[in-house]
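One-letter residues, chain by chain:
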Amino acid sequence: MGSPICRFYGEQNLFNLLVKYSSWANGRDTIPSARTFEYTEQSLVDRFKPEDQLDLVALTALSILFVEETSGQGNQVARVGTITRARMNGHNIALEYTYDLAVPAIPNKILQGFAAELDIEDFQFSRTHWSVKDVDLFRA
């Protein structure tokens, strides 16, 4: 089941995948704007970037899967959450977000086991980027 905001906008079958090289900071972080929409279907890019302008309001209405890039060291985990505020900040997108504490952290090793169901390619676990997936995150 998607978030109430997603249901309001009819977007329960879409989610954002945000992958970052290092751990996500506690509630505030940035992601390079040049890496937005990598590994995203063109129809979704057109939808969320009309006239070459990011529609941050529509994007932040979607559920988010925050992922730390997988490396050979450590126990990287993914967390489900929501973006509470997003704004352009030079060449980056500044984000304020919260994790959904009702959903436990998912170790990347487990997430990679069902990544195909989420339309996530293996290489996406090793590249900082923001993509939009046409998949129901909570059903998968």
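Cut-offs used in this document
Residues numbered from 1 in each chain as written. Predicted model: local features only at pLDDT ≥ 70, side-chain atom pairs only at ≥ 80, totals over all residues. Heavy atoms only, no water. Core = buried A, V, L, I, M, F, W, Y, C linked by side-chain atoms within 4.5 Å. Buried < 20%, exposed > 50% of the residue type's maximum accessible area, 1.4 Å probe, protein only. Helix = DSSP H or I, 4+ residues; strand = E, 2+ residues; numbered from the N terminus. Contact = heavy atoms within 4.5 Å. Phe/Tyr/Trp six-rings, centres within 6.5 Å; stacked < 30°, edge-to-face > 60°. Lys NZ or Arg CZ within 6 Å of the ring centre and 35° of its normal.

Q: Can you help me understand the nonpolar core in this one?
A: Among soluble globular proteins, nonpolar side chains are generally buried collectively. Formed by 20 residues in total, the largest nonpolar core has its most connected members in L18, F48, L95, W130 and V132. The set of elements that each furnish at least two residues to this core consists of α2 (42-48), α3 (56-60), β3 (63-68), β4 (77-89), β5 (92-99) and β7 (129-133). L18 has contacts with W24, I31, I64, L65, F66, V67, L95, H129 and W130, leaving out every residue within four places of it along the chain. Within the second largest apolar cluster, 15 residues are counted, among which are V19, L65, L111 and A115.

Q: Looking at this structure, how should I read the packing of aromatic side chains?
A: Overall, the coordinates contain six aromatic pairs when judged by the stated rule. Taken together, a centroid distance of 4.6 Å and an interplanar angle of 35 degrees make the contact between F66 and Y97 tilted. Here F66, found in strand β3, pairs with Y97, found in strand β5; they are 31 residues apart in sequence, far enough to count as distant. Residue classification places Y97 among the buried residues on the basis of a relative accessible area of 4%. When the ring of Y97 is compared with that of Y99, the centres are 5.6 Å apart and the planes differ by 55 degrees; the resulting orientation is tilted. A relative accessible area of 24% places Y99 in the partly exposed class. Connected via pairs of aromatic rings, a cluster forms that spans W24, F66, Y97 and Y99. Sitting over the face of the ring of W24, K20 holds its NZ or CZ atom 5.8 Å from the ring centroid.

Remember, this is a structural readout, not a statement about activity or role.
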